[in-house]
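One-letter residues, chain by chain:
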Amino acid sequence: MTSITTAVFPVAGLGTRFLPATKAIAKEMLAVVDKPLIQYASEEAVAAGMDTLVFVVGRTKNAIIDHYDKAYELETELELRKKDEMLAVVQAVVPAHVHCVFIRQSEALGLGHAVLCAEPAIGNKPFAVLLPDDLIYNKGGKSCIQQMVDVYKEKQGSVIGTQIVDRSESHKYGMVGGPKLSDRLSRIDEIVEKPSPADSPSDQAVVGRYILTPAIIEILKSTQRGAGNEIQLTDAIAELRKSEEIYAYNFEGSRYDCGSKIGYLQANVEIALQHDELASDFCDYLKKLNIEPSKDRLKLCK
Ligand code: G1P
């Protein structure tokens, strides 16, 4: 059985919603507490067994390449100062068995095009796609992509991560429809990119996690521009569905849309409340603001 060893991270977007913060740095390098967004996604992939990380970058994304490179000066300096813990944190960004590949997407033609750009690194094997904007957290349980890898192993078909949203939000997402197979799993009979609520097949939205069979690559080569005048991954998945069964999986966990300011702020609060060093002080601060943390978080307070 083919295992999923390659993860693609499309990170060529301009990040206009976070200007001016993203004028000179990639939005994926914005920190949630103390770690850049992209690293949450790469750690999720590595923990699920992936060892080839393919970053599809744009022209202004060199900070991402640097982040996944060896930092000789910094590492030497930390070694000299005997800051072993910090050194371990820096070196853990890319574990020894993991390879990083960087591919330039020279034109911003959409998510489908970004995935197609990764073709030379994907080969003829199933692969995962993770959109770092979607920070997905499953406290104490399996990560979203790990849950999807498990489904892939069982079904041997493409798996799309989904969650239930308010139908009025359908214009922000790819939306799917199809019969339910079990508690969290359904078959995709229909998938549409950013439909109006009236045209949406259901209230089940695609979030930024995909496991795709390699057949998607040939389809992407002839996929025409769709919603937003971009080459949409959703349209290629709709085409793939005609020849292969595709599954939608309502993952267990919480998703923070870090492509929006409010989602980014929520992620910071939630991650801070789980943070070994910060949780207690941060909890106290929230209490001072008269924000009462929920019961399960209260135990983090002093
Ligand atoms: C992309 C996909 C969309 C998906 C969304 C999840 O849209 O095209 O199908 O629902 O990610 O975050 P974007 O948010 O990049 O416009």
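Model, not experiment: these values are computed from the prediction.

1. As for the overall build of the chain
- Check the secondary structure of the chain and you find twelve helices and 14 strands.
- Computed over its C-alpha atoms, the radius of gyration of the chain comes to 20 Å, within 12% of the 19 Å expected for a compact globule of 302 residues.
- C-alpha extents for the chain along the principal axes are approximately 60 × 45 × 40 Å.
- The burial tally for the chain puts 49% of its 302 residues in the buried class.
- By element, 51% of the accessible surface of the chain is carried by carbon and sulfur atoms, the whole surface being about 15,100 Å².
- Side chains of the chain carry 35 positive and 42 negative charges; the gap between the two charge centres is 2 Å.

2. Some details on the packing of aromatic side chains
- One pass over the full model with this rule turns up five aromatic pairs.
- Aromatic side chains Phe 9 and Phe 55 sit 5.1 Å apart centroid to centroid with 20 degrees between the ring planes, which places their arrangement in the stacked category. Of this pair, Phe 9 sits in strand S1 (residues 6-11) while Phe 55 is found in strand S4 (residues 52-57), placing the two residues 46 residues apart along the sequence.
- Measuring from ring centre to ring centre gives 5.2 Å for Phe 55 and Phe 102, while their planes differ by 15 degrees; the resulting arrangement is stacked. A residue pair is termed long-range when its members are at least 10 positions apart, and Phe 55 in strand S4 and Phe 102 in strand S5 (residues 99-104) qualify at 47 residues.
- In this structure Phe 102 comes out as partly exposed when scored by relative accessible area, which is 29%.
- Each residue in the set Phe 9, Phe 55, Tyr 68 and Phe 102 is aromatic and connected to the rest through ring pairs, giving one cluster.

3. Some points on the packing of helix H3 (residues 72-80) against helix H4 (residues 84-91)
- H4 packs onto H3 with a crossing angle of 155 degrees between their chain directions and a minimal axis gap of 8 Å. The angle between H3 and H4 places the two elements in the roughly antiparallel class. In this structure, H3 crosses over H4, and the sense of that crossing is left-handed. For the pair H3 and H4, contact is made by Leu 74, Glu 75, Leu 78 and Glu 79 and by Met 86, Leu 87, Val 90 and Gln 91, respectively.
- Here the contact of H3 with H4 is built from residues that sort into five nonpolar, one polar and two charged.

4. Quick word on the site of the ligand
- In the region of the ligand, 13 residues are neighbours, and Asp 134, Gly 174, Glu 193, Lys 194 and Val 206 sit closest.
- Separating an oxygen atom of the ligand from a backbone N or O atom of Val 206 is a distance of 2.6 Å.
- Here the ligand, which alone exposes 380 Å², has 75% of that area covered by the protein.
- With four residues, strand S12 (residues 204-212) is the single largest residue contributor to the shell around the ligand.
- Each residue belonging to the shell around the ligand can be placed in one class, and the counts come to six nonpolar, four polar and three charged.

5. A few points about unusual backbone geometry
- Backbone torsion omega between Leu 19 and Pro 20 reads 5 degrees, so that peptide bond is classified as cis.
- Here Pro 20 lies in the loop between S1 and strand S2 (31-32).
- At Lys 82, a position not held by glycine, the phi torsion is positive, near 60 degrees.
- Within the fold, Lys 82 resides in the loop between H3 and H4.
- Within the chain, Lys 194 stands out as a residue other than glycine whose phi angle is a positive 45 degrees.
- As for its position among the elements, Lys 194 is in the loop between strand S11 (190-193) and S12.

6. Some details on a nonpolar patch on the surface
- Taken together, Tyr 285, Leu 289 and Ile 291 make up a surface patch of nonpolar side chains, about 290 Å² in accessible area.
- Looking at the element boundaries, Tyr 285 is found in helix H11 (residues 279-288).
- Residue Tyr 285 is classed as partly exposed on the basis of its relative accessible area, which comes to 45%.

The rules behind the values
- Residues numbered from 1 in each chain as written.
- Predicted model: local features only at pLDDT ≥ 70, side-chain atom pairs only at ≥ 80, totals over all residues.
- Heavy atoms only, no water.
- Helix = DSSP H or I, 4+ residues; strand = E, 2+ residues; numbered from the N terminus.
- Rg over C-alpha atoms; globule rule 2.2 N^0.38 Å.
- Buried < 20%, exposed > 50% of the residue type's maximum accessible area, 1.4 Å probe, protein only.
- Areas by Shrake-Rupley, 256 points an atom, 1.4 Å probe, with all protein chains shown as cover.
- Lys, Arg positive; Asp, Glu negative; His and termini not counted.
- Charge placed at Lys NZ, Arg CZ, Asp CG, Glu CD.
- Phe/Tyr/Trp six-rings, centres within 6.5 Å; stacked < 30°, edge-to-face > 60°.
- Axes fitted to C-alpha atoms, helices over the stretch in contact; angles between N-to-C directions.
- Parallel < 35°, antiparallel > 145°, perpendicular 65-115°, else oblique.
- Left-handed = near helix turned anticlockwise from the far one by under 90°.
- Contact = heavy atoms within 4.5 Å.
- Nonpolar A, V, L, I, M, F, W, Y, C, P; charged D, E, K, R; others polar.
- Near = heavy atom within 4 Å.
- Polar contact = N/O pair within 3.5 Å; in protein donor to acceptor, adjacent residues only side chain to side chain.
- Patch = residues over 30% accessible without salt bridge, like charges linked within 9 Å, V, L, I, M, F, W, Y side chains within 5 Å.
- Salt bridge = Lys/Arg side-chain N within 4 Å of Asp/Glu carboxyl O.

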